[in-house]
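Per-entry structural report
As a plain string of letters, each chain reads:
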Amino acid sequence: MNEWSLLPALLLPVLMILGCAPDLRNRVSWSNGSSVDDQAPDGFLDTGADLTEVTEVVLDATDYDLWISYDFERQGIVETDLPWDIAARRYLVVLNGGVSGDGGVEAAVVPDGEFDLLGSVPDDLNWSTDEPDSDGDGVDETVLADWYDYDVSTHILTANETLYLVRTVEGAVMKLELLDYYDAAGTPGHVRFRWAQLAPAPD
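With that out of the way, let us pick up the overall build of the protein. Counting its regular elements, the protein contains 1 helix and 12 strands. Put simply, the protein has 203 residues, and 37% of those count as buried. Pairs at least 24 apart in sequence give 55% of the contacts found in the protein among residues at least 6 apart. When the accessible surface of the protein is summed, it comes to about 11600 Å², and 53% of that surface belongs to carbon and sulfur atoms.

In structure tokens form, the structure reads like this:
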């Protein structure tokens, strides 16, 4: 037996691992009807893209164990070895900062802010990032934790129209509004949001 006859046996475990790796590309969709294949590939960063256009995204975060990471500048989901800004798992949405990640991402709530009317970054916001559990309930104190209201009688989750600003890994500021948790069939775990980049605060 020569070394070439051993090649299929050596390759089989590798192929099995690759075949079992989760395919994240089918876990995101865009409101404009374009497919994942029409978007920039993982790892590609188009620095000339116009990020001020409003983008609406649905993340398939139905898996109870898998975090789906999204990067604004790349305009899509990414593996966690690439820069990412927010991540979702079921109803949980976290930042890549503080206890949730090492990207330094921060966010702020815009009191009474309206998504369509806000065009630049206000200069009086309270920026913060995800912090460890401080009240003993076993849940970290994440900045986006209050994006929804939960009805204990119907067990329905409803977005509460809070306007957030997110300062990304790269330092850009995006306005973000989380919109829904259900798909058209009523299946939970489909986190829908819209975002757009903001101009810096006026001098």
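In this section: the environment of Val121. Structurally, Val121 is set in the loop between β7 (106-109) and β8 (148-151). Here the alpha-carbon distance between Val121 and Pro200, two residues 79 residues apart in the chain, equals 5.4 Å.

Moving on: the sheet that holds strand β4 (residues 76-77). Adjacent strands of a sheet form backbone hydrogen bonds with each other and so pair up, either parallel or antiparallel. Here we have 4 strands laid out as an open sheet, ordered β4-β3-β5-β6, and antiparallel in their pairing. Either end of the sheet is taken by a strand with one partner, and the two such strands are β4 and β6 (92-95). Bridge count between strand β3 (residues 68-71) and β4: 2 bridges; the pairing is antiparallel. Within the sheet, the bridge partner assigned to Tyr70 lies in β4 and is Ile77.

A word on the pattern of salt bridges. Throughout the structure, instances matching the rule amount to 7 salt bridges. One salt bridge in this structure joins Arg194 and Asp116, with 3.3 Å as the shortest N-O distance. Residue Arg194 is found in strand β12 (residues 188-197), and its partner Asp116 is found in the loop between β7 and β8; the two are separated by 78 residues along the sequence. When the shortest N-O distance is used, the salt bridge between Glu177 and Arg194 registers 2.8 Å. Taken together, the residues Glu177 in strand β11 (residues 173-182) and Arg194 in strand β12 connect sequence positions 17 residues apart. Comparing Glu177 with Arg194 shows no difference in burial state: the two are buried. If you follow the salt bridges from partner to partner, you end up with Glu56, Asp180 and Arg192 in one network.

Neither face of β3 is open: one carries Ile68 and Tyr70, the other Ser69 and Asp71, and all of them are buried. Both β3 and strand β5 (residues 86-89) contribute to a ladder of 3 bridges, which runs antiparallel. Residue pairing for β5: Ser69 is matched across the bridge by Ala87. The turn linking β3 back onto β4 is made up of 4 residues, and Gln75 within it adopts a positive phi angle of 55°.

Below, the discussion takes up unusual backbone geometry. For Gln75, which is not glycine, the phi torsion reads 55° and is therefore positive. Following the sequence through the fold, Gln75 ends up in the loop between β3 and β4. One non-glycine residue with positive phi stands out, namely His155, at about 60°. In this structure, His155 sits in the loop between β8 and β9 (156-159).

Moving on, we come to the nonpolar core. Counting 31 residues, the largest nonpolar core has Tyr70, Leu144, Trp147, Phe193 and Trp195 as its most contacted members. Of all the elements, β11 adds the most residues to this core, at 5 residues. Not counting chain neighbours up to four residues away, the residues in contact with Leu144 comprise Ile86, Val93, Leu95, Ala107, Tyr164 and Leu176. Residues Val110, Leu125, Leu163 and Leu198 belong to the second largest nonpolar core, which totals 11 residues.

Quick notes on the rules
- Residues numbered from 1 in each chain as written.
- Predicted model: local features only at pLDDT ≥ 70, side-chain atom pairs only at ≥ 80, totals over all residues.
- Heavy atoms only, no water.
- Helix = DSSP H or I, 4+ residues; strand = E, 2+ residues; numbered from the N terminus.
- Buried < 20%, exposed > 50% of the residue type's maximum accessible area, 1.4 Å probe, protein only.
- Contact = heavy atoms within 4.5 Å.
- Areas by Shrake-Rupley, 256 points an atom, 1.4 Å probe, with all protein chains shown as cover.
- Pairing = 2+ DSSP bridges.
- Salt bridge = Lys/Arg side-chain N within 4 Å of Asp/Glu carboxyl O.
- Core = buried A, V, L, I, M, F, W, Y, C linked by side-chain atoms within 4.5 Å.

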